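Secondary and tertiary structure notes
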Amino acid sequence: MQRSGGGNPKDQTETKPAVPPESDKEQKRNLAYLVVLAGVSAGEMFKLQEETTVVGRGPKVAVRLNDEGVSREHCRFVRQGEKIVVEDLGSTNGTFCNGVRVDKRELADGDKIMVGSSTILKFTYHDYLDEVFQRQMYESALRDGLTKVFNKKYFTDYLEKEFAFADRHGGPLALIFIDIDFFKKINDSNGHQAGDFVLAELSQMMTLLLRTEDVLARFGGEEFTVLCRGSDLAGARVVAERLRRAVSDRKFTFGGKDIPVTISLGIVAIPESGITDHNAFLAAADRALYEAKRSGRNRVCVHGTEQTPPEPRKKEVSGPNRGGSSGPNRVGTDSNRVGADANRVTQERSAKAGDGDDPRGQ
């Protein structure tokens, strides 16, 4: 090892010799990728490792894009030796490369391919380190830092697209709103590290219990949302009850101490609810969740069965864990609902702690 520093032994440091990669093969920019530059999946990266990769909106394509202007099988990328060729598959809206509509074209590094109404893909070559960096950037932009599930920004964008599609085609779609019961007490009694532990463990458990096509997100603080594509109300109730029961039966142990955890859930679905706006859809699930909390917690409530109108939501936000949903847990939840009145939100966030009027956050 090489020593550096002055004559004082305390100032001397040891510099470890650099170890080059075992092979420079991984460092060559020979790995073909599609990076989503614009659209719902912006930032996501797809590796073109098969001989043929089909892009579209259908359930069986390799690269699935949630864009209403994308055909079920829109285009494909074909590997021909060391070349990659894009071919349109008779799509409704066509495939454009660098602004020109194409039926078939050999791609060069940096080419931009537009499919659908809002999705733009960039064709590029990466090496191994490029791939790792790109994926880390994508994850940090769309995932919650603590729980690793999707964040609120991603979820609200995704909800708008999915609701529009389901409403237009008359397909089923369900939304489950979840809140951890008495989460403030968990923080107060066990510390905020224990609260973080519960949030992370709960997220991991729910992820394993959901389908691949279900989207789980941390909506804020101790609130989570699940969007169930293709599920009607009956199917969503089964999912919600499965989650509720699994959490109630689970033993959460932190620092040698068992922490009892339960959740309350609110459900709304179309076409059963007759709702035609994604903001109203979200608000309806929120009201159902409020009723589940008001009527005793650790239960599932369906939109339309609420017994009382929701009270104004008053939140206690204090301690080191306050902040955005991408960080550690917060006492209370983010009440900045989509479409909520700005004055009401300001009043709720400034409400004094311990009012106890709102069962939410308790």
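It should be emphasised that the depicted structure is a prediction, and the values quoted were computed from it without experimental measurement. (Residues numbered from 1 in each chain as written. Predicted model: local features only at pLDDT ≥ 70, side-chain atom pairs only at ≥ 80, totals over all residues. Heavy atoms only, no water.)

Let us look at the overall build of the protein. A count of helical and extended segments in the protein gives 7 helices and 20 strands. Expressed as a percentage of the 362 residues in the protein, the buried residues total 44%. Long-range pairs, those at least 24 residues apart, make up 60% of the contacts in the protein with a sequence separation of at least 6. Within the structure as shown, the protein displays about 18,100 Å² of accessible surface, and the carbon and sulfur contribution to it stands at 49%. (Helix = DSSP H or I, 4+ residues; strand = E, 2+ residues; numbered from the N terminus. Buried < 20%, exposed > 50% of the residue type's maximum accessible area, 1.4 Å probe, protein only. Contact = heavy atoms within 4.5 Å. Areas by Shrake-Rupley, 256 points an atom, 1.4 Å probe, with all protein chains shown as cover.)

Turning our eyes to something else, we now look at the packing of helix α3 (residues 183-190) against helix α4 (residues 192-209). Helix-helix packing: each pair is described by the crossing angle between the helix axes and the interaxial distance. At a closest axis distance of 6 Å, the pairing of α3 and α4 adopts a crossing angle of 135 degrees. One finds that α3 runs oblique with respect to α4. Packed against α3, whose contacting residues are F183, I186, N187 and N190, the element α4 presents H192, A194, G195, V198 and L199 at the interface. Taken together, the residues of the contact of α3 with α4 break down into 5 nonpolar, 4 polar and no charged. (Axes fitted to C-alpha atoms, helices over the stretch in contact; angles between N-to-C directions. Parallel < 35°, antiparallel > 145°, perpendicular 65-115°, else oblique. Nonpolar A, V, L, I, M, F, W, Y, C, P; charged D, E, K, R; others polar.)

Before going further, it helps to spend a moment on helix α6 (residues 278-294). Each full turn of the α-helix corresponds to 3.6 residues, which orients residues three or four apart in the same direction. Spanning 17 residues, α6 covers 24 Å between terminal C-alpha atoms, matching the ideal 24 Å at 1.5 Å per step. For α6, the buried fraction is high: 12 of the 17 residues fall into the buried class. Residues H278, F281, L282, A284, A285, D286, A288, L289, Y290, E291, A292 and K293 constitute the buried set of α6. In this fold, the buried residues of α6 make contact with α2 (152-169), β14 (173-180), β15 (215-220), β16 (223-229), β19 (263-270) and β20 (300-302). Two or three places before N279, at the opening of α6, D277 has a side-chain oxygen 2.9 Å from that residue's backbone nitrogen. Directly after α6, the chain includes G296, whose backbone phi takes a positive value near 135 degrees. (Expected span 1.5 Å × (residues − 1). Polar contact = N/O pair within 3.5 Å; in protein donor to acceptor, adjacent residues only side chain to side chain.)

With that out of the way, let us pick up the nonpolar core. Among the nonpolar cores identified, the biggest contains 30 residues, and I176, I178, I180, L202 and F224 are the most heavily contacted of them. Per element, the largest residue contribution to this core is 6 residues, and it comes from α4. Of all hydrophobic cores here, the second largest spans 24 residues; its members include Y154, Y158, F177 and L227. (Core = buried A, V, L, I, M, F, W, Y, C linked by side-chain atoms within 4.5 Å.)

If you walk across this open sheet you meet the 6 strands as β4-β3-β13-β12-β9-β10, and the pairing is antiparallel. Where the open sheet ends on each side, the last strands, each with one partner, are β4 (45-47) and β10 (100-102). Looking at each pair of strands side by side, their axes are set apart by 30 degrees on average, direction ignored. Taken together, the 3 bridges between strand β9 (residues 95-97) and strand β12 (residues 112-115) define a ladder with antiparallel strand orientation. What sits directly across from C97, in β12, is I113. (Pairing = 2+ DSSP bridges.)

The next point concerns unusual backbone geometry. A cis amide bond links I270 with the next residue in sequence, P271, at an omega value of 15 degrees. Relative to the elements of secondary structure, P271 occurs in the loop between β19 and α6. Residues other than glycine seldom take positive phi values, yet F182 does so here, at roughly 50 degrees. Here F182 shows up in the loop between β14 and α3. Although it is not a glycine, R297 adopts a positive phi angle of roughly 70 degrees.

Attention shifts here to the confidence of the model for the protein. Per-residue pLDDT for the protein has a mean of 81; in total, 72% of the residues score no lower than 70. β14 holds the highest mean pLDDT among the elements of the protein, 98, whereas helix α7 (residues 342-349) holds the lowest, 37. Scored below 50 in pLDDT, residues 308-326 makes 54 contacts in the model with residues more than four places away or belonging to other chains. Between residues 330-357, whose pLDDT stays under 50, and residues either more than four places distant or in other chains, the model counts 62 contacts. (pLDDT = per-residue confidence, 0-100.)

Here strand β5 (residues 52-56) runs beside strand β7 (residues 75-80); their pairing, made up of 4 bridges, is antiparallel. Following the sheet pairing, T53 is matched in β7 by F77. With 2 bridges connecting them, β5 and strand β6 (residues 63-64) associate as parallel partners. Considered in β6, the bridge of V55 is made with V63.

Under the defined criterion, the tally for this structure stands at 16 salt bridges. One salt bridge connects K104 with E87, and the closest N-O pair in it is separated by 3.8 Å. Placement of the pair is K104 in strand β11 (residues 104-106) and E87 in strand β8 (residues 83-88), with a sequence separation of 17 residues. Judged by relative accessible area, which is 54%, K104 ranks as exposed. Taking the relative accessible area as the measure of exposure, E87 reaches 13% and is therefore buried. (Salt bridge = Lys/Arg side-chain N within 4 Å of Asp/Glu carboxyl O.)

With respect to the helices, strands and loops of the structure, V40 is situated in the loop between β3 (31-38) and β4. For the pair V40 and K161, spaced 121 residues apart in sequence, the C-alpha separation works out to 8.0 Å. When residues no more than four places from it in sequence are discounted, the contact partners of V40 are N66, Y154, Y158 and K161.

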